[in-house]
Each structure stands twice: as C-alpha cells, then as structure tokens.
Amino acid sequence: MILVTGGAGYIGSHTVLTLLEAGQDVLVLDNFCNANKKSLERVSALTGREVPWVEGDIRDAALLDDVFSQHEIDSVIHFAGLKAVGESVQKPLDYFDNNVNGTLVLCSAMSRADVKKIVFSSSATVYGDPASVPIRENFPTAATNPYGRSKLMVEEILQDLAVSDPQWRISVLRYFNPVGAHDSGMIGEDPNGIPNNLVPFVSQVAIGRREVLSVFGNDYDTTDGTGVRDYIHVTDLAKGHLMALDYLSRHDGVHTFNLGTGKGYSVLEVVQAFEKASDRKVAYEFHPRRAGDIARCYADPAHAEEVLGWTAEFDIEKMMVDTWRWQQKNPNGYSDSTLS
Ligand code: NAD
Ligand code: UD1
C-alpha cells in the first residue's frame, strides 16, 4: 500500500486517481488545510474504489507511528506541504515547519517502520534564475524565497539520508508548472481566495469571477515580452509518480527528474489558448513585473524519458480545455459545487 501525504490536494488527488486506476492500494494522509474532502469522494466515484484516508498532520509523529503500524505501507508519495511563494515570505517559520520539519518527522517515522521508499514533490523553483534554458537536472540550484529554500533543504536532507543508509530509495520530482484537470471535470485545482498562479486566474476571468488579468511584465527578453513557462498537464504529472515509484522498486539511492514538457509558452500565448478553449474573451492589462519572477523557465525532460520512459502526452490545448471544463462544472470550486 502507498501512503499519499497531501493526497486530497490538487496534484495529490489526480495522482491517487491514477494509482487506483493502475490497481494500486493507497492510503491518504491529509490535514485538509488546503483541500476539500469532496476531492476524495470524487476520486472514489470516478474509480469505483474506496479512497481510505486519515485526517492528520505529517508533523504528528505518534499519528504516523499508528498509521505505519496499522497498515501495510511499503512506500510514500509525499505531497503534503505549503506552496504559496508570497505567503512563504510573510510566514517563513510556517513554511519551514510544514515543509522541512514535516518531512523530517515523516522520514523518521518511515525509518522506524522500515519503510524506505519515497517520492518527493520538488519544484523547478530550485533552479532559481537559470543561466540558460532548457533546464537540465544537473544545473546549479538556488533559492530566492522561503518556499524554494524549503524545497532545496528537503532535497539536501534526502541526499544525506541516502548516504547514511543505502536502503533508502528516493525520487525527487521537480515539477514545472502543473495546470489542467482530470478530463471528467470532477476534480481540479481549487485555490483559496485570489489565485496566485496564472492559469487559475485566467480561468476565473473567463467564468466572470474576476474582471481582468494583470499580466506581470511585458518587457522580458522573450518573444512577446511576457514570461515564458513550461506548463504541464496534471494527469501527465500524476503518471510520472507512478513511473518513478516503479523505478524505485528496482533502484536504490536518490533519483532526481524534471517533469515538464520541454516547451515554453508566454503569458499571452496561454491567454490565447484559453480564449480558444473557452470561446470567451479574457481581459488583461499590463502591470510591472512581479518581484522574484524570471523571464524564461522550461525543462529539458530527456532524463525522465530515458530513465523512466516518461514523457508528457498532453498539449497546451488539452490543458486549457480540461481547466475550462473543471471551471464550468465547478464555478466556485468544491465548496458550493452542485455536483455531488
Ligand atoms: P495542494 O495545496 O493542493 O496540496 C497539498 C496538500 O497537502 C493539501 O491537501 C493540504 O491540505 C495538505 N497538507 C499541507 N500541509 C500538511 C501537513 N502538515 N500535514 C498533512 N497534510 C498537509 O498543493 P499541490 O499543488 O497539490 O502541491 C503538492 C506538492 O507539490 C506540494 O509539496 C507543492 O509544494 C509541490 N509543488 C506544487 C506545484 C504547483 O504548482 N502546484 C509546483 C511545484 C511543486
Ligand atoms: C510560481 C512560483 C513557483 C512555484 C509555481 C507553482 C513565484 C515567483 N513562483 O511559479 O515557485 O513553484 O508558481 O506553484 O511565485 N502571471 C501573470 N499574472 C498572474 C499570475 C502569473 O502575468 O496573475 C505570470 C507570471 O509572471 C509568470 C507566469 O504568469 O510569468 C506564470 O506564473 P505562475 O503561474 O504564478 O507560476 P510561476 O511564477 O512560474
């Protein structure tokens, strides 16, 4: 059985669905600080399988010991953590406590239970402002904010852990920009309050929840002056976790992979793709650059293809069509959705 921490969240719920469809058994551990239980009910409805879950915090060592002793867990996919860059600058201690201390408590409990296989959610943010693109896994790492630093610290801790005990099997997955939703439109990203990220914001403008998109910067050294990113469909990302876990059944040590498509799209290209998918206009206006943003960020995904046999299947069109379906079926996310 696979323990999925943060399994009720955006990427977690899509991964749980993929795991269940592949015939795996899962147990979700989530404190629901940024998730709604409906996501798990819907995964259950979509797969026709129960989704067992425990409400609790990864920082609760006694709870983790109970979980590991009561269930036959052989591996962990670790999504649980806080992820808002701006908030991390305001509340660094919360971020280090959840993301770094939380992972320490989790790995210690895994060690006590002799469960030494983990897939960790890292981020392309660990590359800081890369000297060139596409970005390969051996590029230098850097952090520019507490969120990014927490991801880098965990990566380093996991490296040290593997050196200390060769039984550990660890995969570090560096996600580029996850977007989209399951193509049923039943599960998707449900940000709290005003979205920080581009695609949820664009989607809320299209549905009429927000008036106008602020495009942060039109003077970058890119084709149209707006920032370029590697958007990846969350279902492709979910599949990457399955393949990383499978790889760990055959290999020990630490294995780090970029999960991206290798293609970069500008903010304006995303807006256009969304307008096409939704057949709605997305009003936007230019604003100054957002602090901490970079001009270009996209992956070289060759390592994941060569080693895991993983590549992203879905293009930007499908990412936007699926986001729009989710948005239309759930105009206000999970909270007051009319779907059961
Ligand atoms: P999310 O907020 O939707 O999911 C995180 C889940 O973890 C939520 O369900 C939340 O309730 C839970 N959680 C948080 N702290 C917890 C704790 N202490 N104990 C138990 N549960 C806890 O975020 P997501 O987008 O699904 O991201 C999943 C992971 O991927 C995170 O670690 C995030 O940093 C990383 N990541 C996300 C992105 C992205 O753009 N979404 C990009 C790169 C990396
Ligand atoms: C952000 C985080 C990154 C995190 C990632 C996924 C920052 C600086 N970086 O990445 O650490 O891993 O989210 O959660 O916050 N944009 C607009 N208007 C908006 C929102 C975004 O123009 O309202 C632009 C941005 O300037 C950027 C692009 O859209 O060029 C993508 O932004 P976003 O979705 O926030 O992702 P990142 O900044 O790449």
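In what follows, the structure referred to is the one given above.
Residues numbered from 1 in each chain as written. Chains lettered and ligands numbered in written order. Predicted model: local features only at pLDDT ≥ 70, side-chain atom pairs only at ≥ 80, totals over all residues. Heavy atoms only, no water.

Visitor: Before we go on, may I ask you to explain the overall build of the protein in this structure?
Guide: Within the protein, the regular secondary structure consists of eleven helices and 14 strands. A globule of 340 residues ought to have a C-alpha radius of gyration of about 20 Å, and the protein, at 19 Å, matches this closely. Counting only C-alpha atoms and orienting by the principal axes, one finds that the protein spans roughly 55 × 45 × 40 Å. Residue pairs in contact within the protein that sit at least 24 positions apart in sequence constitute 80% of those at least 6 positions apart. Between the mean site of the 30 positive side-chain charges and the mean site of the 46 negative ones, the protein shows a separation of 3 Å. (Helix = DSSP H or I, 4+ residues; strand = E, 2+ residues; numbered from the N terminus. Rg over C-alpha atoms; globule rule 2.2 N^0.38 Å. Contact = heavy atoms within 4.5 Å. Lys, Arg positive; Asp, Glu negative; His and termini not counted. Charge placed at Lys NZ, Arg CZ, Asp CG, Glu CD.)

Visitor: What is the right way to look at the packing of aromatic side chains in this model?
Guide: To describe a pair of aromatic rings, you give the distance between the ring centres and the angle between the ring planes. Scanning the model with the defined rule gives six aromatic pairs in all. The side chain of Lys37 reaches across the aromatic face of Phe32, ending 4.9 Å from its centre. Over the ring of Tyr220 we find Arg289, and its NZ or CZ is 4.1 Å from the ring centre. (Phe/Tyr/Trp six-rings, centres within 6.5 Å; stacked < 30°, edge-to-face > 60°. Lys NZ or Arg CZ within 6 Å of the ring centre and 35° of its normal.)

Visitor: Any chance you could explain the site of ligand 2 here in plain terms?
Guide: In the neighbourhood of ligand 2, 18 residues make up the surrounding shell, with Leu198, Ser214, Arg229, Arg290 and Asp293 lying closest. At a separation of 3.0 Å, an oxygen atom of ligand 2 approaches a polar side-chain atom of Asn177. Between ligand 2 and Asn197, the relevant distance is 3.0 Å, taken from an oxygen atom to a side-chain nitrogen or oxygen of the residue. In the complex, 88% of the free accessible area of ligand 2, which totals 740 Å², lies under the protein chains. If one sorts the elements of the shell around ligand 2 by residue count, strand 8 (residues 213–216) sits on top with four residues. Of the residues in the shell around ligand 2, the class split is eight nonpolar, seven polar and three charged. (Near = heavy atom within 4 Å. Polar contact = N/O pair within 3.5 Å; in protein donor to acceptor, adjacent residues only side chain to side chain. Areas by Shrake-Rupley, 256 points an atom, 1.4 Å probe, with all protein chains shown as cover. Nonpolar A, V, L, I, M, F, W, Y, C, P; charged D, E, K, R; others polar.)

Visitor: Where do I start with the pairing of strand 6 (residues 169–175) in this structure?
Guide: In summary, the side chains of a regular strand alternate between the two faces of the sheet. By the criterion of burial, strand 6 is predominantly enclosed, with six of the seven residues buried. Here strand 5 (residues 117–123) pairs with strand 6 via seven bridges, running parallel. Among the inter-strand pairings, Ser123 is bridged to a residue of strand 6, identified as Tyr175. Handedness of the crossover is the feature at issue here: the chain leaves strand 5, passes through helix 6 (residues 146–164), returns alongside strand 6, and the resulting connection is right-handed. Bridge count between strand 6 and strand 11 (residues 253–259): seven bridges; the pairing is parallel. From the neighbouring strand, Tyr175 faces strand 11, where its bridge partner is Leu259. (Buried < 20%, exposed > 50% of the residue type's maximum accessible area, 1.4 Å probe, protein only. Pairing = 2+ DSSP bridges. Right-handed = clockwise from strand over helix to strand, strands pointing away.)

Visitor: Just to check I follow, could you spell out the site of ligand 1 for this structure?
Guide: Around ligand 1 lies a shell of 27 residues, among which Ile11, Asp30, Asn34, Asn98 and Tyr147 are the nearest. The side chain of Tyr147 places a nitrogen or oxygen atom 2.7 Å from an oxygen atom of ligand 1. Here an oxygen atom of ligand 1 and a side-chain polar atom of Lys151 are 2.9 Å apart. Across the complex, the protein chains shield 96% of the 820 Å² of accessible surface that ligand 1 would expose by itself. Elements that contribute at least two residues to the shell around ligand 1 include exactly helix 1 (10–21), strand 5 and helix 6. For the shell around ligand 1, the leading source of residues is strand 5, giving three residues.

Visitor: Please explain helix 11 (residues 316–329) as it appears in this structure.
Guide: The terminal C-alpha atoms of helix 11 lie 20 Å apart, and with 14 residues this matches the ideal 20 Å at 1.5 Å per residue to within 8%. Taken as a whole, helix 11 has its buried residues at Ile316, Met319, Met320, Asp322, Thr323, Trp324, Trp326 and Gln327. Here the buried face of helix 11 lies against helix 2 (38–47), strand 7 (177–179), helix 7 (198–207), strand 10 (231–233), strand 12 (265–266) and helix 9 (267–278). (Expected span 1.5 Å × (residues − 1).)

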